[in-house]
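Letter by letter, the chains look like this.
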Amino acid sequence: MPASGTLILVVGPSGAGKDTLIAGARAALKGDARFVFPRRAITRSQLAGGEDNETMTPGAFAAAMAAGAFALAWRAHGLSYGIPVAIEAALGQGRHVVANVSRSVIPEARQRYQPLRIVEASAPIEVLAERLAARGRESSSDIAQRLARASPIPVEGPEVTRISTTGSAAESLEKFLEILRAVALGS
């Protein structure tokens, strides 16, 4: 589908700081109509805490998917995730859409959405383990499974920018905002 706005995918392993980057950018760019930060649909309980998402039961998610409600959808960690199809209207209006997605949907996104930018957040495995334990929503077994999936999906290409999130959250956010502002300026 032709679009004039840029789809900016934020990817990386669990615990890399994707949600922290997006929440910080959403706050910093509040009121800047050039950017859209859609809420993902997730089949995880709202009580689990964490990122701002649209909680759906598995049945409601399956029905929404069958009805074409998602631009991108995937399964990971025993959960279903989806980005609302409304992003297509925003892209068509020239707005830049920033979304946290699985690395597994990059090939589909590359086929369907141009221009596209990918921001890969990363941190060493020890840092990921600490962050996952600190958020307190997964069991130690779940954390081990997330860590095992931390690096098997390579992210390569000219539209990929990497951010190491091992510094302060403010430093990582500033790097992310620089990328977003460059997209808005067309560079």
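Computed from a predicted model, the values in this text were never measured in an experiment.

Student: Can you explain the overall build of the chain? Please cite residues and give values.
Tutor: The helix and strand inventory of the chain stands at 7 helices and 9 strands. In terms of C-alpha radius of gyration, the chain reaches 16 Å, essentially the compact-globule figure of 16 Å for 187 residues. If you line up the chain on its principal axes, its C-alpha atoms span 45 × 40 × 30 Å. Taking all contacts inside the chain whose residues are at least 6 apart in sequence as the whole, residues at least 24 apart take part in 69%. With the model as given, the accessible surface of the chain reaches about 8,800 Å², and the carbon-plus-sulfur share is 56%.

Student: I'd like a rundown of the pattern of salt bridges, residues and numbers included.
Tutor: Counted under the stated rule, the structure contains 8 salt bridges. A salt bridge links E54 to R39; its shortest N-O distance comes to 3.5 Å. Of this pair, E54 sits in strand 4 (residues 53–55) while R39 sits in the loop between strand 2 (35–36) and strand 3 (40–42), placing them 15 residues apart in sequence. Residue R39 is classed as partly exposed on the basis of its relative accessible area, which comes to 35%.

Student: With reference to specific residues and values, describe the side chain of S80.
Tutor: Turning to its location among the elements, S80 is positioned in strand 6 (residues 79–84). What makes S80 buried here is its relative accessible area of 11%. Excluding anything up to four places from it in sequence, S80 contacts A41, I42, T43, F61, W74 and R75.

Student: Could you give an account of the nonpolar core, naming the residues involved and the relevant values?
Tutor: Within the largest apolar cluster, 26 residues are counted, with the highest numbers of intra-cluster contacts made by L7, L9, L72, W74, V101 and I118. A total of 4 residues in this core trace back to one element, the largest contributor, which is strand 5 (residues 70–76). One finds I22, L132, F176 and I179 within the second-largest nonpolar core, a separate group that totals 24 residues.

Student: A description of the environment of V101 should follow, citing residues and the corresponding values.
Tutor: Following the sequence through the fold, V101 ends up in the loop between strand 7 (96–100) and helix 4 (106–112). Taking the C-alpha atoms as reference points, V101 and L9, 92 residues apart in sequence, are found 6.3 Å from one another.

Student: Break down the sheet that holds strand 3 for me, with residues and values.
Tutor: Strand order in the open sheet made by the 4 strands is 4-3-6-5, with mixed pairing throughout. Each of the sheet's edge strands pairs with one partner strand only, and the pair in question is strand 4 and strand 5. Put simply, the sheet's adjacent strands are angled 25° from each other on average, direction ignored. Where strand 3 and strand 4 come together, 3 bridges link them in parallel fashion. Each bridged residue has a counterpart across the sheet, and for R40 the counterpart in strand 4 is N53. Here helix 2 (residues 58–66) sits on the sheet and contacts strand 3, strand 5 and strand 6; the angle it forms with strand 5, its principal contact strand, is near 140°.

Rules behind the numbers
Residues numbered from 1 in each chain as written. Predicted model: local features only at pLDDT ≥ 70, side-chain atom pairs only at ≥ 80, totals over all residues. Heavy atoms only, no water. Helix = DSSP H or I, 4+ residues; strand = E, 2+ residues; numbered from the N terminus. Rg over C-alpha atoms; globule rule 2.2 N^0.38 Å. Contact = heavy atoms within 4.5 Å. Areas by Shrake-Rupley, 256 points an atom, 1.4 Å probe, with all protein chains shown as cover. Salt bridge = Lys/Arg side-chain N within 4 Å of Asp/Glu carboxyl O. Buried < 20%, exposed > 50% of the residue type's maximum accessible area, 1.4 Å probe, protein only. Core = buried A, V, L, I, M, F, W, Y, C linked by side-chain atoms within 4.5 Å. Pairing = 2+ DSSP bridges. Axes fitted to C-alpha atoms, helices over the stretch in contact; angles between N-to-C directions.

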